[in-house]
Amino acid sequence: MRCKICGAKLRKEGDICKSCYEEYCKEESLDKDTNEIFKLYRQYLPKYQLTRFFDFYIVMLLLIMVAVAQKSIGLTLLFILVAVVGVIIALVISKKIAENTTCTFYEKKVVHRYKKKTKTIAYSDLKNVTYYQNFFQKIFKLGDIQFRPEVGTYLITGFEIKNVPDIENNWAKIQEILGAEKED
Ligand SMILES: [Zn+2]
């Protein structure tokens, strides 16, 4: 007799092996864990977002300078329009992303949600959690938090929530939740 899930040979009567059964129990207990402890949001902060387009500003400024040097009013206005519209589109996109992103801590797991896409890591599978700040994020007290799982690659099973506001306090809260989890 073989396990219906992994195909391992079974010593006793049954449908699935011990390790698949344990895996199943773990998944079931994670599914049942719906008690929200804490939630992180991604903040949309226009003044921070505006610091992120320097390359674009420089390119547009050069194009505008060329148009001015050519004494072409039409081209100058066109490049100014492109610059303004480009920045507005980028701001709208980052606002939409921020509104649709959350990271929720439950009793046994942490779940990242973007619209209907979710990624879940059980605390027992969590290898480490780190946060990063660039120069401007530091000024605005924002931070990017990365969750790395014990198994699998970060890109596939891990996740990140960017621009978490009030990063120092939120980071302390996360340490508290994960620290408390590791003790028992
Ligand atoms: Zn199995």
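Residues numbered from 1 in each chain as written. Predicted model: local features only at pLDDT ≥ 70, side-chain atom pairs only at ≥ 80, totals over all residues. Heavy atoms only, no water.

Undergrad: Quick question: what am I supposed to make of the coordination of the zinc ion here?
TA: When a metal holds four donors in a tetrahedron, each ideal angle between them is 109.5 degrees; when it holds six in an octahedron, the ideal angles are 90 or 180 degrees. Around the zinc ion, the protein supplies C3 (SG), C6 (SG), C17 (SG) and C20 (SG) as donor atoms, at distances of 2.3 Å. Taken together, the four donor atoms surrounding the zinc ion define angles of 105 to 117° at the centre, an arrangement classified as tetrahedral. Mapping the donors of the zinc ion onto the primary sequence gives the spacing C-x2-C-x10-C-x2-C. Taken together, the residues C3 in the segment before α1 (18–32) and C17 in the segment before α1 connect sequence positions 14 residues apart. Classification of C17 as buried rests on a relative accessible area of 11%. (Donors = N, O, S within 2.8 Å, 3.2 Å for Na, K, Ca; no water. Tetrahedral: all angles 85-135°; square planar, octahedral: opposite > 155°, others 65-115°. Helix = DSSP H or I, 4+ residues; strand = E, 2+ residues; numbered from the N terminus. Buried < 20%, exposed > 50% of the residue type's maximum accessible area, 1.4 Å probe, protein only.)

Undergrad: For this particular structure, what's the right way to read the environment of C103?
TA: Following the sequence through the fold, C103 ends up in strand β2 (residues 101–105). For C103, a relative accessible area of 0% gives the class buried. In sequence terms C103 and V59 are 44 residues apart; their C-alpha atoms lie 36 Å from each other. Beyond its immediate sequence surroundings of up to four residues, C103 is in contact with F38, K39, L40, V110, V111, H112, F147, F159 and I161. (Contact = heavy atoms within 4.5 Å.)

Undergrad: Just checking my understanding: could you explain the pattern of salt bridges for this structure?
TA: Opposite charge on two side chains allows them to pair when their charged atoms are near. On inspection of all chains with the given rule, the structure shows ten salt bridges. Among the salt bridges present, the one from E22 reaches K18, with a minimum N-O distance of 3.6 Å. Of the two residues, E22 and K18 are both situated in helix α1; the distance of four residues between them amounts to about one turn of the helix. For K162, the salt bridge goes to E160, with nearest N and O atoms at 3.5 Å. Using a relative accessible area of 23% as the deciding quantity, one classes E160 as partly exposed. (Salt bridge = Lys/Arg side-chain N within 4 Å of Asp/Glu carboxyl O.)

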